[in-house]
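Summary of structural features
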Amino acid sequence: MSARVSSVRMLATSLAAFIFAIAAPAFAGELAGPARFCGYSPIIDLIEGETVVTLQGGIHGGSFRWEGAFGSLEVNGIGWASRPKGRIVSEQTDARPARFAQRRTDGRYQIAIWNGRHGAAYFTSPNRFTRQQIEAIERVRLFKEGETPEGCNLRTVFSWE
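In what follows, the accompanying structure is described.

Cut-offs applied
- Residues numbered from 1 in each chain as written.
- Predicted model: local features only at pLDDT ≥ 70, side-chain atom pairs only at ≥ 80, totals over all residues.
- Heavy atoms only, no water.
- Helix = DSSP H or I, 4+ residues; strand = E, 2+ residues; numbered from the N terminus.
- Buried < 20%, exposed > 50% of the residue type's maximum accessible area, 1.4 Å probe, protein only.
- Contact = heavy atoms within 4.5 Å.
- Areas by Shrake-Rupley, 256 points an atom, 1.4 Å probe, with all protein chains shown as cover.
- Pairing = 2+ DSSP bridges.
- Phe/Tyr/Trp six-rings, centres within 6.5 Å; stacked < 30°, edge-to-face > 60°.
- Salt bridge = Lys/Arg side-chain N within 4 Å of Asp/Glu carboxyl O.
- Disulfide = S-S within 2.5 Å.

1. Topic: the overall build of the chain
Assigned secondary structure in the chain consists of 2 helices and 13 strands. Buried positions account for 39% of the 161 residues belonging to the chain. A separation of at least 24 residues holds for 47% of the contacts in the chain among residues at least 6 apart in sequence. Of the roughly 9,500 Å² that the chain leaves accessible, carbon and sulfur atoms contribute 55%.

2. Digging into the pairing of strand β11 (residues 120-125)
Extensive coverage of β11 is indicated by the burial of 6 of its 6 residues. Inspection of the sheet shows strand β10 (residues 108-114) paired to β11 by 6 bridges, in the antiparallel sense. Bridging across to β11, W114 finds its partner in A120. Hairpin connection from β10 to β11: 5 residues lie between these consecutive antiparallel strands, with G116 at a positive phi of about 80 degrees.

3. Observations regarding the packing of aromatic side chains
Per the counting criterion, the structure on display carries 4 aromatic pairs. Their ring planes at 65 degrees and their centres at 4.5 Å tell us that F37 and F64 sit as a pair that is edge-to-face. One end of the pair, F37, is in strand β2 (residues 35-38); the other, F64, is in strand β5 (residues 61-68), with 27 residues separating them in the sequence. Aromatic side chains W66 and F70 sit 4.9 Å apart centroid to centroid with 70 degrees between the ring planes, which places their arrangement in the edge-to-face category. Members of the aromatic cluster, each reached through a chain of ring pairs, are W66, F70 and F123.

4. Some words on the pattern of salt bridges
Summed over all chains, the structure comprises 7 salt bridges. Here R139 and E50 are joined by a salt bridge, their closest N and O atoms 2.7 Å apart. Of this pair, R139 sits in the loop between α2 (131-138) and β12 (141-142) while E50 sits in the loop between β3 (42-46) and β4 (51-57); the two residues are 89 residues apart in sequence, bridging distant segments of the chain. Look at R139 and you get partly exposed, because its relative accessible area is 29%. Judged by its relative accessible area of 3%, E50 falls in the buried class. Its salt-bridge partner being E138, residue R96 comes within 3.5 Å of it at the nearest N-O pair. Note that R96 is positioned in the loop between β7 (88-90) and β8 (98-100) and E138 in helix α2, a separation of 42 residues in sequence.

5. A look at the state of the cysteines
Counted by the stated rule, this structure contains 1 disulfide. Note that C38 is cross-linked by a disulfide to C152, the S-S spacing being 2.0 Å. Disulfide C38-C152: torsion about the S-S bond near -75 degrees, hence left-handed. Within this pair, whereas C38 is found in strand β2, its partner C152 is found in the loop between β12 and β13 (154-155), the two being separated by 114 residues in sequence. C152 sits in the partly exposed class, given a relative accessible area of 23%.

Written as structure tokens, this is what we have:
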């Protein structure tokens with residue numbers, strides 16, 4: 001490959017990265033409750049005083065920050081996930097996903113939920129989860145990739161535009 005072709009490819013890659021970086025904030029959003037947030041794949045019916053700020057969206061997942069009277073949680077939702085690691089402490093029912101025991105990973109505390117198929121969400125916090133945070137997590141539902149939940153006021157989406 002010639003040096004000229006290599007330079008053109010490097011320039012094109014750099015330009016694409018720059019455009020993505022300046023366009024990324026346009027995809028971010030904030031939603032205050034009461035409202036319905038549909039991440040990829042968490043669904044949260046936000047109550048008064050709760051907010052969600054989307055952080056990133058990808059092909060099979062997305063991340064967001066969820067805040068409320070319970071504090072703040074970072075959430076990574078995955079629409080094409082395998083079973084999370086750990087022990088299930090709350091079995092899956094028709095109304096809610098399975099919840100896994102709190103564990104420490106990468107210096108943070110984490111709780112995972114899983115719909116028994118491919119939908120999962122990982123909630124992280126710098127401190128051990130409080131009872132109020134666990135109760136908030138119990139309100140989260142998961143949808144399956146390919147489904148379109150109804151009534152979403154804000155979604156985590158992926159776009160090539």
